[in-house]
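Summary of the model geometry
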Amino acid sequence: MITKHPPATVRASDLKAALPGLGKLIPRTPSLAVLGCVKVEAAGPQLLRLTTTDLDLALSVELPATVEKGLSPFLLPMARLRELLAGLRSDEVVGLGPSIKAPPVGEFPEIPQVRTPGLTLPEPVVTSVLRAFACASNDPTRGVLRSACFDVSGTGPKAHRIVGTNGRALFSSNSMHLPLKQSVILPDHPLWKWKPLADSRPWTLRLGKDKHRAEVFRMEGQAWSVTGRLLDGPYPNYRQVIPGPAQFMTTVTLSDSALEAVTRLLPRLPGKQLANRPVGLHFEKGRFGLLARAENDEPWILHPVDRCEMKGPDVTIFLDRDYLIKAMSFGLHRISTGDSVSPLQFSRGGDLMIVMPVRAIAPDRIERPRLVPAVEQFASPPA
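Let us look at the structure shown here. (Residues numbered from 1 in each chain as written. Predicted model: local features only at pLDDT ≥ 70, side-chain atom pairs only at ≥ 80, totals over all residues. Heavy atoms only, no water.)

Attention now moves to the sheet that holds strand E23 (residues 351-355). Strand order in the open sheet formed by nine strands is E11-E8-E9-E10-E23-E22-E21-E15-E19, and the pairing between neighbours is antiparallel. Two strands close off the open sheet at either side, each with one partner strand: strand E11 (184-187) and strand E19 (309-311). Shown here is a sheet whose adjacent strand axes are inclined to one another by a mean of 15 degrees, direction ignored. Note: strand E21 (residues 334-337) against strand E22 (residues 344-348), three bridges, orientation antiparallel. Across the sheet, residue Ile335 finds its bridge partner in E22, namely Phe346. Sheet strands in contact with helix H6 (residues 321-329) are strand E10 (169-176), E22 and E23, and its direction is about 170 degrees off that of E23. (Pairing = 2+ DSSP bridges. Helix = DSSP H or I, 4+ residues; strand = E, 2+ residues; numbered from the N terminus. Axes fitted to C-alpha atoms, helices over the stretch in contact; angles between N-to-C directions. Contact = heavy atoms within 4.5 Å.)

The next subject is the pairing of strand E14 (residues 224-229). A large share of E14 lies buried, amounting to five of its six residues. One ladder, built from five bridges, connects strand E4 (residues 57-67) with E14; its direction is antiparallel. Across the sheet, the residue bridging to Val61 is Trp224, located in E14. For strand E13 (residues 215-220) and E14, the ladder comprises five bridges, and the chain directions are antiparallel. If you follow Arg218 over to E14, its bridge partner there is Thr227. The hairpin formed by E13 and E14 contains three residues between the paired strands. (Buried < 20%, exposed > 50% of the residue type's maximum accessible area, 1.4 Å probe, protein only.)

All right, on to the packing of helix H1 (residues 12-23) against helix H2 (residues 78-85) then. Here H1 crosses H2 at 150 degrees, and the two axes come no closer than 11 Å. With respect to H2, the element H1 is oriented roughly antiparallel. In terms of crossing hand, the pair formed by H1 and H2 is left-handed. Contacts between H1 and H2 pair Ala12, Leu15, Lys16, Leu19, Leu22 and Gly23 from the former with Met78, Leu81, Arg82 and Leu85 from the latter. Its residues placed into classes, the contact of H1 with H2 shows seven nonpolar, one polar and two charged. (Parallel < 35°, antiparallel > 145°, perpendicular 65-115°, else oblique. Left-handed = near helix turned anticlockwise from the far one by under 90°. Nonpolar A, V, L, I, M, F, W, Y, C, P; charged D, E, K, R; others polar.)

The next point concerns the packing of aromatic side chains. As enumerated under the stated definition, the model contains eight aromatic pairs in all. For the ring pair Phe171 and Phe330, a centre distance of 5.6 Å and an interplane angle of 70 degrees mean the geometry is edge-to-face. Of this pair, Phe171 sits in strand E10 while Phe330 is found in the loop between H6 and E21, placing the two residues 159 residues apart along the sequence. Judged by relative accessible area, Phe330 falls into the buried class, the value being 12%. Joined through ring pairs, the aromatic side chains of Phe133, Trp192, Trp203, Phe217 and Trp224 make up one cluster. (Phe/Tyr/Trp six-rings, centres within 6.5 Å; stacked < 30°, edge-to-face > 60°.)

Relative to the 16 Å expected for 12 residues at 1.5 Å per residue, helix H3 (residues 123-134) spans 17 Å between its end C-alpha atoms, a close match to the ideal helical length. Listed in full, the buried residues belonging to H3 are Val125, Val126, Thr127, Ser128, Val129, Leu130, Arg131, Ala132 and Phe133. (Expected span 1.5 Å × (residues − 1).)

Omega for the peptide link from Arg201 to Pro202 comes to -10 degrees, which places this bond in the cis form. With respect to the secondary-structure elements, Pro202 resides in the loop between helix H4 (195-198) and strand E12 (203-209). Cis rather than trans, the peptide bond between Gly233 and Pro234 has omega equal to 5 degrees. Positionally, Pro234 belongs in the loop between E14 and strand E15 (250-253). Notably, Asn276 is not glycine yet its phi reads approximately 70 degrees, a positive angle. Of note, Asn276 is situated in the loop between helix H5 (256-265) and strand E16 (278-284). The phi dihedral of Lys285 is positive, around 50 degrees, even though this residue is not glycine. Residue position: Lys285 is located in the loop between E16 and strand E17 (287-292).

What follows is the structure, given as structure tokens:
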């Protein structure tokens, strides 16, 4: 039961913004009642800290609040917090206090304290980490690939890489130097996609050990922190799948307008239900188009996109459209390949993405209807 004079009050708008992130660590049916709760504690005279954990990761969010002096930490079930917010306007205030339905606060799992000096990750590094997570594996049997790897084994001023791969696609960014003594593997989690976290800049990384001497990390933003254990390596030797320049026969550079056009055209193309969700990249005499079809017994339809800067022979290569949309959204405008069955490289500056092609049925059965190039349909006009 909430007391008549709650020991803490917070704006409904701030609490509503925090709950989606906190909820990402709470399953629908927690194995333990305490894992369905939010830990509430004072972080300052006018600051409240809310924490949830799934035993692997913990998220803490700090909110402006009115906090009673000497407030003792307490737990609130997530369901109770949602009840308190139901029907409230964003400008209203929510009172928070201990609930008789919550377990004792002492049962809440201990969160490791990491107080080592922090490493500031600026905008390009944070963006690379998020892209590595976007290319990480979802396979629960391949734990080390469900991650982003900070690889500091390279030598040179900008030889360190941030890498993510699922075995069929690989993202790597190597235009940086990280002052780390050893490589670090951060676990992936849907939490990293939470918008207030993903849009926050910069991040601060702290490394340490918990009471069991396990390697732990703490990633911090302006009003949030994520704490968890690092993954044990070794990380796979991803360098062996990155082709050397001599292996490329055709290199194409797309305009930014073409990247935008592809991003908008792809969701409209048929064939999403087919195995490997195939789409073809067709480069011919300085022109670029996409090949798609609704069924495997139909011909491929060429959807022209734009002109392109092209070096090397004409080529057509098929790949999973999900990887193409990622490469385009990352802004990787240079496409290099050896032939139709070789790994495909998307790149820009120090960022690259390697994608394995897929086998297409009757790849030469192409129809060319008179269609308006996608760059004229979708791309934004120049400023």
